[in-house]
Amino acid sequence: MRRKGLFITIEGVEGAGKSTNIRVIEEFLSEWKLDYILTREPGGTLIAEEIRELLLKHHEEKMDATTELLLIFAARAQHLSTKIRQTLAEGTWVLCDRFTDATYAYQGAGRGLDVKLISQLERLVQDNLRPDLTVIFDLDPSVGLERARQRGQLDRIESQKLEFFQRVREGYQNIASREGDRCLLIDASQTRETVRQSLRAALENRMQAFLGE
Ligand code: T5A
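Figured I'd write up the structure that's included with this text.

### Some words on the pattern of salt bridges
Then step 1. What the rule picks out here adds up to 14 salt bridges.
Then step 2. E179 is the partner of R182 in a salt bridge, and the nearest nitrogen-oxygen pair spans 3.0 Å.
Then step 3. Of the residues examined, R182 reaches a relative accessible area of 11% and is grouped as buried.
Then step 4. Via salt bridges that share partners, E27, E31, R196 and R200 belong to a single interconnected network.

Now the structure itself:
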């Protein structure tokens, strides 16, 4: 019996199918009879959700990139201290829609902020806590943005130029190739059913390793 829950994070550019495929992961965890919670970033607690609103809404004043970065880590500190750490310690798994890889991809690769600064904040806020498994949905951002557009009005971050999201995608691809043991890169350009099957096969594989420990 594991003493600690596993921490699984889901990543990808806008419209890559995170929400769609989180349902596949939930179904999978239920089949394995694992207790889990689903949460998201930025957000996941009352205070962190208020910070999310501030981050995603349009403002008359331009938000400085460092302000954006600090707000994201402020929300993360709140989320970790009031929800994630305690849940994992109780042995419950945590499924989180985005986490710090999104910060490296969006604020690092996308906005061009110094990666060293991000990793300093990561250490400050998370100490040694890192995800056990990260699923990254890889998709051409022009396809993802079109999917997001069809859903309604774009928020402040979704309204960035296409080149921004191309850098974000490359940021994610670099993380996946650097940290292959932790990350699963899923081709999200396929049909919903094919993505579902690839994801299930990849999870099956990893889960054997986790639960066989
Ligand atoms: N952010 C976040 C940072 O900048 N830094 C950080 O550190 C963090 C944590 C949060 C925003 O905050 C930024 C990144 C984001 O801009 P979010 O709530 O995570 O935003 O939301 P989005 O990325 O905007 O999530 P979306 O809901 O837009 O995208 P999903 O969840 O990836 O996509 P999903 O599943 O809703 O699918 C979109 C549409 O495509 C269809 C779906 O039915 C849906 O209509 N679809 C497919 N269509 C065809 N083929 C497939 N295979 C499909 N899969 C899904």
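### Topic: the nonpolar core
Then step 1. Core analysis: the biggest nonpolar cluster contains 55 residues, and Y106 and F137 have the highest contact counts within it.
Then step 2. Beyond its immediate stretch of four places on either side in the chain, F137 contacts I10, E11, G12, V13, A16, K18, N21, I186, A188, V195 and L199.
Then step 3. Within the second largest apolar cluster, 7 residues are counted, among which are L55, M63, I72 and A75.

### With respect to the sheet that holds strand 5 (residues 183-187)
Then step 1. The parallel open sheet is built from 5 strands, whose spatial order is 2-3-1-4-5. A single partner strand is all that each edge strand has here, and the edge strands are strand 2 (36-40) and strand 5. On average, each strand axis in the sheet is inclined to that of its neighbour by 20°, with strand direction left out of account.
Then step 2. The sheet contact formed by strand 4 (residues 133-138) and strand 5 spans 5 bridges and is parallel. Directly across from V135, in strand 5, lies its bridge partner L184.
Then step 3. Set on the sheet, helix 1 (residues 18-31) makes contact with strand 1 (7-12), strand 2, strand 3 (93-97) and strand 4; between it and strand 3 the angle comes to about 170°.

Cut-off values and rules
- Residues numbered from 1 in each chain as written.
- Predicted model: local features only at pLDDT ≥ 70, side-chain atom pairs only at ≥ 80, totals over all residues.
- Heavy atoms only, no water.
- Salt bridge = Lys/Arg side-chain N within 4 Å of Asp/Glu carboxyl O.
- Buried < 20%, exposed > 50% of the residue type's maximum accessible area, 1.4 Å probe, protein only.
- Core = buried A, V, L, I, M, F, W, Y, C linked by side-chain atoms within 4.5 Å.
- Contact = heavy atoms within 4.5 Å.
- Pairing = 2+ DSSP bridges.
- Helix = DSSP H or I, 4+ residues; strand = E, 2+ residues; numbered from the N terminus.
- Axes fitted to C-alpha atoms, helices over the stretch in contact; angles between N-to-C directions.

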